[in-house]
Amino acid sequence: NAGVTQTPKFQVLKTGQSMTLQCAQDMNHEYMSWYRQDPGMGLRLIHYSVGAGITDQGEVPNGYNVSRSTTEDFPLRLLSAAPSQTSVYFCASSYGRQGDTEAFFGQGTRLTVV
Amino acid sequence: GNSVTQMEGPVTLSEEAFLTINCTYTATGYPSLFWYVQYPGEGLQLLLKATKADDKGSNKGFEATYRKETTSFHLEKGSVQVSDSAVYFCALKTRFGNEKLTFGTGTRLTIIP
């Protein structure tokens with residue numbers, strides 16, 4: 001079972017460059033989300049989607065775009081990378097519609113912006 | 001809004017010691033509570049959960065009880081092992097919160113032989 005797959009695992013960008021972090025899940029989950037993990041701050045929600053064609057902002061959306069054209073895929077785009085976006089990024093998915101369902105996480109993408 | 005306050009780390013224990021990691025929360029509505037664990041180099045995975053007051057979640061020897069009166073969900077284990085070394089996150093989700101998880105800051109646990 002693949003679960004949630006993130007690519008790449010590591011990435012170094014120069015300030016101003018753009019890139020897309022890929023996320024795919026094979027569990028037919030409706031809900032997908034992106035978090036960033038920073039030391040001493042836990043995980044913070046960037047963007048989320050409750051289904052194909054529907055996205056919304058989380059706690060820290062500035063500098064990031066998302067789209068959800070299929071149930072399986074939820075890419076995160078950095079349009080113009082900044083050093084403040086150096087972080088570890090996690091994609092997660094869950095069945096949705098209930099408050100007690102488990103979220104499944106990818107293995108993360110470690111991004112460094114220089 | 002929702003928030004989770006978690007015991008500051010890092011925590012270092014000897015093998016077979018008793019573990020407690022404190023977690024308290026504030027939430028609008030009636031939350032479900034979770035503990036996630038992150039092993040080195042990996043993503044988060046669910047350790048245990050509880051969905052209503054007085055429920056006890058348990059897994060791999062870890063336990064946590066949903067205490068509504070003290071708004072707490074402390075993680076405990078009677079005898080830790082080296083393999084328990086990881087970062088532990090307390091989190092909550094409210095039923096009508098569109099599945100959004102609110103996390104604590106995480107507690108890094110190191111077990112020494």
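Below: a short report on this structure. (Residues numbered from 1 in each chain as written. Chains lettered and ligands numbered in written order. Predicted model: local features only at pLDDT ≥ 70, side-chain atom pairs only at ≥ 80, totals over all residues. Heavy atoms only, no water.)

1. Things to note about the overall build of chain A
The test is simple: Elements are defined by DSSP. Helices are runs of H or I of four residues or more, strands are runs of E of two residues or more, and each kind is numbered from the N terminus. Note that the radius of gyration is over C-alpha atoms, with the globule rule given as 2.2 Å times the number of residues to the power 0.38. Exposure is judged per residue with a 1.4 Å probe applied to protein chains only, and the accessible area is read against the type maximum: over 50% gives exposed, under 20% gives buried, and values in between give partly exposed. In this analysis, two residues are considered to be in contact whenever any of their non-hydrogen atoms come within 4.5 Å of each other.
Of the regular secondary structure elements, chain A holds 0 helices and 11 strands. Computed over C-alpha atoms, the radius of gyration of chain A comes to 13 Å, within 12% of the 13 Å expected from 2.2 N^0.38 for 114 residues, which places it in the range of a compact globule. For chain A, the C-alpha atoms occupy an extent of roughly 40 × 30 × 25 Å along the three principal directions. Buried residues in chain A amount to 49% of all 114 residues. When contacts within chain A are restricted to residue pairs at least 6 apart in sequence, those whose partners lie at least 24 apart make up 53%.

2. Considering the environment of A:Ser67
Residue and element names in this part refer to chain A. Going by this rule: N or O atoms within 3.5 Å of each other form a polar contact, as long as, within protein, one can give a hydrogen and the other can take it, and as long as residues adjacent in sequence are counted only when both atoms are side-chain atoms.
Of note, Ser67 is situated in the loop between β7 (64-66) and β8 (76-78). Along the sequence, Ser67 and Thr101 sit 34 residues apart, while their C-alpha atoms lie 23 Å from each other. Here the side chain of Ser67 touches Arg77 through a polar contact of 3.1 Å, side chain to side chain.

3. Points about the state of the cysteines
Residues and elements named next belong to chain A. Rules: For the purposes of this analysis, a disulfide is any pair of cysteine sulfur atoms at a distance within 2.5 Å.
Summed over all chains, the structure comprises 2 disulfides over all chains. Paired by a disulfide, Cys23 and Cys91 hold their sulfur atoms 1.9 Å apart. Disulfide Cys23-Cys91: the torsion about the S-S bond is -70 degrees, which places it as left-handed. Here Cys23, found in strand β3 (residues 19-25), pairs with Cys91, found in strand β9 (residues 87-94); they are 68 residues apart in sequence, far enough to count as distant. Taking the relative accessible area as the measure of exposure, Cys23 reaches 2% and is therefore buried.

4. Quick word on the sheet that holds strand β7 (residues 56-59) of chain B
All names here are of chain B. Our working definition: Two strands qualify as a pair provided DSSP detects at least 2 bridges between them. A fitted line through C-alpha atoms represents every axis, and for helices the fit uses only the stretch in contact; the resulting angles, taken between N-to-C directions, go from 0 to 180 degrees.
A sheet is described by the order of its strands in space; here 4 strands give the open sequence β3-β9-β8-β7, paired in antiparallel fashion. Here the strands that pair on one side only, and so sit at the sheet edges, are β3 (19-21) and β7. In this sheet, neighbouring strand axes are inclined to one another by 15 degrees on average, regardless of whether the strands run parallel or antiparallel. Relative to strand β8 (residues 62-65), β7 runs antiparallel, the two sharing 4 bridges. Counterpart to Lys56 in the pairing with β8 is Thr65.

5. Topic: the pattern of salt bridges
Residue and element names in this part refer to chain B. Quick reminder of the rule: Any carboxyl oxygen of Asp or Glu that lies within 4 Å of a side-chain nitrogen of Lys or Arg is treated as forming a salt bridge with it.
Applying the stated criterion across every chain yields a total of 5 salt bridges over all chains. In this structure, Asp55 engages Lys52 in a salt bridge whose closest nitrogen and oxygen atoms are separated by 3.4 Å. Given the relative accessible area of 47%, Lys52 is considered partly exposed. Here Lys77 ties to Asp84 by a salt bridge, and the two come within 2.7 Å at their closest N and O atoms. Judged by relative accessible area, which is 6%, Asp84 ranks as buried.

6. Remarks on the interface of chain B and chain A
Quick reminder of the rule: Put simply, buried area is how much 1.4 Å-probe accessible surface two parts lose in total, over both of them, once they are put together. Only Asp, Glu, Lys and Arg are considered charged, only Ala, Val, Leu, Ile, Met, Phe, Trp, Tyr, Cys and Pro nonpolar, and every remaining residue, Gly among them, polar.
Listed per partner, the contact involves 22 residues of chain B and 23 residues of chain A. Of all residues in chain B, B:Leu44, B:Glu99 and B:Phe103 bury the most surface against chain A, accounting for 28% of the area lost on that side. Here chain B is connected to chain A by 0 salt bridges. Taken together, the elements giving at least two residues each to the side of chain B that touches chain A come down to β5 (31-38), β6 (44-50) and β10 (86-94) of chain B. Considered class by class, the residues forming the side of chain B that touches chain A number 7 nonpolar, 9 polar and 6 charged.

7. Quick word on the sheet that holds β8(A)
Residues and elements named next belong to chain A. Reading across the sheet, the 4 strands line up as β1-β3-β8-β7 and stay open at both edges, with antiparallel pairing between neighbours. Two strands bound the open sheet, and with one partner strand each, they are β1 (4-7) and β7. Recorded for the sheet is a direction-independent mean angle of 20 degrees between the axes of neighbouring strands. As judged from the 3 bridges shared by β7 and β8, these two strands associate in the antiparallel manner. Its bridge partner being in β8, Val66 is matched across the sheet by Leu76.

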